[in-house]
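# Understanding the architecture of this molecule
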Amino acid sequence: MNQQETNRLIDLALDGNAEGLEQLLASVQDMVFNLSLRMLGTVPDAEDAAQDILVRIMTSLSTFRKESSFQTWVYRIATNYLINYKKSMFARQPLDFEFYGNDIKYAAVDETEQLVDEMTRETMAEELKMSCTNVMLQCLDAESRCIFVLGTMFKVDSKIAGEILDMTAENYRQRLSRIRRKVGDFLAEYCGLSGSGCCSCKKRVGYAIAQHRINPERPDFLQLKPVDKGTMSEFKNEMEKLDELSLLFEELPDYQSPAAVKERISALIQSSQFQAIQSL
């Protein structure tokens, strides 16, 4: 959606047009959900946060002055909210790379091998890969995680990312470089997907199930629908090429916002609460 069409929908929404507002939110909800997922690590937490962010966008729309792109404005609202989000599982149970590395190194995976048949192992290895990669990001502090996600997974231009996070483009690039090295060092030592790490998704499936980290009956990531890469391209700008290990994160799919988020936002727009918001 180009800026002219976006501005048209913004004007309609500010005039109280529910359909215009719904279309406007639909244009950013996949980006908001994917950013929430990378920042918070679990699908349920991402669903809740994405809904909160979309409501915040809706209620703050009158403050958008069209001096920057709507997408940049949405990024700023979303990142500010997610950096300070305290209701997620990992905000309550923080991780760090030392803990995560020790779990990989010392987990008794051999004791759980017999719990999983080969068909389940093949399927759930992909679920574990998606879950583990997103959880791994939780080892970074919230701001560092945001810098890494914007630069590595959303490929936001350093100037725009600096504007979003209230720092200079140079400071952003320097911090991104340091964070990439830190993540890259961890991947090189522990992650088998890097080609040199000691961990294997297939070998850890039984352990992950036993620890209730993944659920074969309800695989959160495999139930999500990937989006066409072109759908997300308007939110992404090319920046310097990332080091080889960090390219692992570029390969992760973007997902459609779950139906539950869309249904809740649609219901809110049709409700009397929406009318009350518009009259403020």
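Residues numbered from 1 in each chain as written. Predicted model: local features only at pLDDT ≥ 70, side-chain atom pairs only at ≥ 80, totals over all residues. Heavy atoms only, no water.

For the protein, an unreviewed UniProt entry supplies the name RNA polymerase sigma-70 region 2 domain-containing protein and the organism Hungatella hathewayi WAL-18680.

Applying the stated criterion to the full structure yields nine aromatic pairs. Between F64 and F70, the ring centres sit 5.6 Å apart and the planes meet at 70°, which makes this aromatic pair edge-to-face. We note that F64, like F70, is buried. Between F97 and F186, the ring centres sit 4.9 Å apart and the planes meet at 45°, which makes this aromatic pair tilted. Placement of the pair is F97 in helix α6 (residues 97–106) and F186 in helix α10 (residues 169–190), with a sequence separation of 89 residues. In this pair, the class of F97 matches that of F186, namely buried. Here the aromatic residues F97, Y100, F186 and Y190 are joined through ring pairs into a cluster of three or more. (Phe/Tyr/Trp six-rings, centres within 6.5 Å; stacked < 30°, edge-to-face > 60°. Buried < 20%, exposed > 50% of the residue type's maximum accessible area, 1.4 Å probe, protein only. Helix = DSSP H or I, 4+ residues; strand = E, 2+ residues; numbered from the N terminus.)

We now examine the pattern of salt bridges. Tallied over the entire structure, the rule returns 13 salt bridges. R121 is paired through a salt bridge with E118; the nearest N and O atoms lie 3.9 Å apart. Of this pair, R121 and E118 both sit in helix α7 (residues 118–136), separated by three residues, roughly a single helical turn. Under the relative-accessibility criterion, R121 is labelled buried at 8%. Among the salt bridges present, the one from R173 reaches E170, with a minimum N-O distance of 2.9 Å. In this pair, R173 and E170 are both assigned in helix α10, three residues apart and thus about one turn of the helix distant. When its relative accessible area of 32% is taken as the criterion, R173 is described as partly exposed. We classify E170 as partly exposed; its relative accessible area is 40%. A single network of salt bridges, built from pairs that share partners, joins D103, R204 and R213. (Salt bridge = Lys/Arg side-chain N within 4 Å of Asp/Glu carboxyl O.)

Bringing helix α8 (residues 142–153) into the picture now. Three- or four-residue spacings in an α-helix give side chains the same orientation, since the helix completes a turn every 3.6 residues. Helix length check: α8, at twelve residues, gives a terminal C-alpha distance of 15 Å against a target of 16 Å (1.5 Å per residue), a fit within 8%. Within α8, the full set of buried residues consists of S144, R145, C146, I147, F148, V149, L150, G151, T152 and M153. By the N-cap criterion, in which a side-chain oxygen at the helix start approaches the backbone nitrogen of a residue two or three places on, α8 is capped by D141, the distance to E143 being 3.2 Å. (Expected span 1.5 Å × (residues − 1). Polar contact = N/O pair within 3.5 Å; in protein donor to acceptor, adjacent residues only side chain to side chain.)

So, on to unusual backbone geometry. You will see that K155, though not glycine, has its phi angle at about 50°, which is positive. By secondary structure assignment, the location of K155 is in the loop between α8 and α9 (158–165). Of the residues examined, K155 reaches a relative accessible area of 21% and is grouped as partly exposed. Of note, D166 is a non-glycine position whose phi angle comes to about 55°, a positive value. Inspection of the secondary structure assignment puts D166 in the loop between α9 and α10.

The next thing to look at is helix α11 (residues 201–210). For α11, every residue scored as buried is listed here: C201, R204, V205, G206, Y207 and A208. Buried residues in α11 make contact with α6 and α7. A positive phi of about 60° marks H212, the residue just after α11. (Contact = heavy atoms within 4.5 Å.)

Put simply, helix α2 (residues 18–40) and helix α4 (residues 70–83) touch, their axes get as near as 10 Å, and they point 35° apart. Seen from above, α2 lies across α4 with right-handed handedness. Across the interface between the two elements, L24, V28, M31, V32, L35, S36, M39 and L40 from α2 touch F70, Q71, V74, Y75, A78, T79, L82 and I83 from α4. Its residues assigned to classes, the contact of α2 with α4 shows 13 nonpolar, three polar and no charged. (Axes fitted to C-alpha atoms, helices over the stretch in contact; angles between N-to-C directions. Left-handed = near helix turned anticlockwise from the far one by under 90°. Nonpolar A, V, L, I, M, F, W, Y, C, P; charged D, E, K, R; others polar.)

The volume enclosed by the largest pocket comes to roughly 890 Å³. F90, Y100, S131, V135 and R213 are the residues nearest the centre of the largest pocket, which is lined by 41 residues in total. Secondary-structure elements contributing two or more residues to the lining of the largest pocket are α3 (43–60), α5 (89–92), α6, α7, α10 and α11. Across the lining of the largest pocket, the residue classes break down as 24 nonpolar, nine polar and eight charged. (1 Å grid on protein atoms, 1.4 Å probe; cavity = no way out; pocket = protein on both sides within 12 Å on 5 of 7 lines; lining within 4 Å. Points joined across faces, edges and corners; volume = space filled by probe spheres on them.)

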